[in-house]
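Results of the structural survey
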Protein chains: 2
Amino acid sequence: MLITVAIDAMGGDFGPSVTIPAALAFLSDHSDARVILVGREDVLAKELAKHRPPGDERLRIAHASEVVEMHEAPATALRGKKDSSMRVAINLVKEGEADLAISAGNTGALMAMSRFVLKMLPGIERPAIACSLPTTHGQVLMLDLGANVDCTPAHLYQFAVMGSALVSALENVERPSIGLLNIGEEEIKGNDVVKQAGELLKASDLNFYGNVEGTDIFKGTTDVVVCDGFVGNVALKTTEGIVQMLAAMLREEFKRNWLTMLAAIIALPVINAFRRRVDHRRYNGANLLGLRGIVIKSHGSADAFAFRCALDRAYAEAKGGVLERITQRLGGHANEPVIEAENLSA
Amino acid sequence: MLITVAIDAMGGDFGPSVTIPAALAFLSDHSDARVILVGREDVLAKELAKHRPPGDERLRIAHASEVVEMHEAPATALRGKKDSSMRVAINLVKEGEADLAISAGNTGALMAMSRFVLKMLPGIERPAIACSLPTTHGQVLMLDLGANVDCTPAHLYQFAVMGSALVSALENVERPSIGLLNIGEEEIKGNDVVKQAGELLKASDLNFYGNVEGTDIFKGTTDVVVCDGFVGNVALKTTEGIVQMLAAMLREEFKRNWLTMLAAIIALPVINAFRRRVDHRRYNGANLLGLRGIVIKSHGSADAFAFRCALDRAYAEAKGGVLERITQRLGGHANEPVIEAENLSA
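The following refers to the structure shown.

Rules used throughout
- Residues numbered from 1 in each chain as written.
- Chains lettered and ligands numbered in written order.
- Predicted model: local features only at pLDDT ≥ 70, side-chain atom pairs only at ≥ 80, totals over all residues.
- Heavy atoms only, no water.
- Disulfide = S-S within 2.5 Å.
- Patch = residues over 30% accessible without salt bridge, like charges linked within 9 Å, V, L, I, M, F, W, Y side chains within 5 Å.
- Areas by Shrake-Rupley, 256 points an atom, 1.4 Å probe, with all protein chains shown as cover.
- Salt bridge = Lys/Arg side-chain N within 4 Å of Asp/Glu carboxyl O.
- Helix = DSSP H or I, 4+ residues; strand = E, 2+ residues; numbered from the N terminus.
- Contact = heavy atoms within 4.5 Å.
- Buried area = accessible area lost by both parts, 1.4 Å probe.
- Polar contact = N/O pair within 3.5 Å; in protein donor to acceptor, adjacent residues only side chain to side chain.
- Nonpolar A, V, L, I, M, F, W, Y, C, P; charged D, E, K, R; others polar.
- Buried < 20%, exposed > 50% of the residue type's maximum accessible area, 1.4 Å probe, protein only.

The subject of this paragraph is the state of the cysteines. Structurally, a disulfide amounts to a covalent bond that connects the sulfur atoms of two cysteines. Residues and elements named next belong to chain B. For the structure on display, the rule yields 0 disulfides over all chains. Cys227 forms no disulfide, and the closest cysteine sulfur to it belongs to Cys151, at a distance of 8.4 Å. No disulfide involves Cys309; its sulfur sits 12 Å from that of Cys131, the nearest cysteine.

Together, Trp258, Leu259, Met261, Leu262 and Ile266 of chain A together with Trp258, Leu259, Met261, Leu262, Ile265 and Ile266 of chain B make up an exposed nonpolar region whose accessible area comes to about 1,200 Å². Elements represented by at least two residues in the nonpolar patch include exactly helix H10 (258–278) of chain A together with helix H10 (258–278) of chain B. With 6 residues, the top contributor of residues to the nonpolar patch is H10 of chain B. Residue placement: Ile266 of chain A occurs in helix H10.

On to the interface of chain B and chain A. Contacts between the two partners involve 50 residues from chain B, matched on the other side by 50 residues from chain A. Summing the contributions of chain B and of chain A, the shared interface buries around 4,600 Å²; its carbon and sulfur component is 78%. On the chain B side of the interface with chain A, the three residues burying the most area are Ile183, Phe230 and Arg277 of chain B, jointly 14% of the side's total. Linking chain B with chain A are 2 salt bridges. Across the pair Glu213 of chain B and Lys237 of chain A runs a salt bridge, and its minimum N-O distance is 2.2 Å. For the pair chain B and chain A, the number of links is 4 residue pairs in polar contact (both at pLDDT 80 or more). Looking at the side of chain B that touches chain A, the elements that each hand over two or more residues are strand S5 (128–135), helix H7 (192–203), helix H8 (214–219), helix H9 (229–254) and H10 of chain B. Of all the elements, H9 of chain B adds the most residues to the side of chain B that touches chain A, at 21 residues. Residue composition of the side of chain B that touches chain A, grouped by class: 25 nonpolar, 15 polar and 10 charged.

Right, let's get into unusual backbone geometry. All names here are of chain A. Omega for the bond connecting Leu143 with Asp144 falls within 30 degrees of zero, at 0 degrees, which places this linkage in the cis form. Relative to the helices and strands, Asp144 resides in the loop between strand S6 (138–143) and helix H6 (153–171). A positive phi angle is found at Lys119, which is not glycine, with a value near 70 degrees. Looking at Lys119, the relative accessible area reads 42%, which means it is partly exposed. The backbone of Asn172 shows a phi angle near 60 degrees, a positive value even though the residue is not glycine. Along the chain, the position of Asn172 falls in the loop between H6 and strand S7 (177–181). For Asn172, a relative accessible area of 63% translates into the label exposed.

Here it is as structure tokens:
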């Protein structure tokens, strides 16, 4: 099975200087992968010339004359940038020329264009942003991370279906465990939306663990953690904030005087091993889930290593058949809960 | 000005073996403080005998025959444990014999009893749990951390008033800056409740900074961060989770082999200095705000150092006149926004 990736080669803070080396490394890792670099042909050809491209049919350029700016309003980009690298990459998925699209560009624009071009999967009302995070003994998939600020129980249920399918596709686990993010393990706690979502999940044939708390995310209590986009976004960004603070403080302590600097040098291999384990670049690549196509958002400031990690993730998803798995879970087994979900959200 | 503290000496995972040494250390630090130890007289006298109590009028025991269990249902404790150390400590505040009550016991029971005995401050509809957290250059006060899962814009506004008053009392800042936790800095983002709360805050004479994101909490962008109890609780517990994970991973890396263990020994002074800076025990002591009395909740697993930190915080609040400041902010200046807030919440 050949996997073709459409890369918005102009997107992100660094554009082709990051996307092209990452694409080439990705191609050399996966002999069954093809890449379509989307963007301004002259710019891409110039960057390609700096490297040693494979020179076969596995890599080609699709010209797109425009670029979506990082802070452009999604609606403006959607209406005005029809020949942007982002839009053309998504079009390639729609047309069946690529199995997935990946971009490090403007998240809002990517979401708006993807929804407009690809449309939603049947049974899914809202797209969700999903991301893998490290745990003490593996990974956890968390969603939604900011696509939806007000969710109904039905939306949360659908996020669980999509999260379950994605983990199945990525890690070959048949029935990933699902945790519903709440503020207490007891069923009586939490707000009404979460309580009703819990009922839907219990009635479904998903592997529902029950409520989980914030501490459970990084403990890896469940394979998937489901929450609304407001809560998920706050949790993720709070985490980013404390990690930055701890890193800054640790750096300060090691730089305090020549003795502590000596200690830093001696401890360097350990610190580096630790940093490799928690390296956020390894977790780069968020999914825009719920669409009739695979769309991956890379962090805008991703370097070539981070972008390649996102490419690897995208490749694994396409291989694992994530879309088929979502459709199957909604159509095959989970019909009744969906009907119930629609009633609740009405 | 003399400050009298009523301590639920039986509360928490360790009871008198933690609360009594902490109380004695607290008394020796503050010559204008008095302590009333509330609990079973025989148990407390026995523990006191192990130490060197001041032996003057600054320390006395108030007998209470019962103890609220850590996992007792709040309603059961409220109805059934009228002679518990927790309840009697709160009663002492009500009767004016103590300036504040502190307990490391059951949070739900403490909240229920405090609301029942002390009642709410005028203009405050819901109590909130507030806690200080470290930032790169100081502290931030965050609320609500779990008392309210569904908040109206008016509640969020009232939390801001209380948070502002508390920071004023603790740190002698006249107009602490207030951030409203949201998922984007732009005003258009966020859910309706947060947007409307933003309008109320803008119309008030509080020092409203605007929206802040999760990353801003530990950056210390504002002195106060306001959010609903669901979001606040998830953010706080997620933070706890990642800190535990990072600490465990760092420990693992340092224990990998004899070389890394040697590095650990050499780096130990630096690691310890770092740990002192981020020591969560220093931030022990959450406020149950909005009541007609100061009530502080210590972490249940607090040791004597942590409990003493909570005592210090409680003392500073009473000295700073936090209740008067809240009342003044609501009554003196903030009348109109409160009226507006009531309309919105209806």
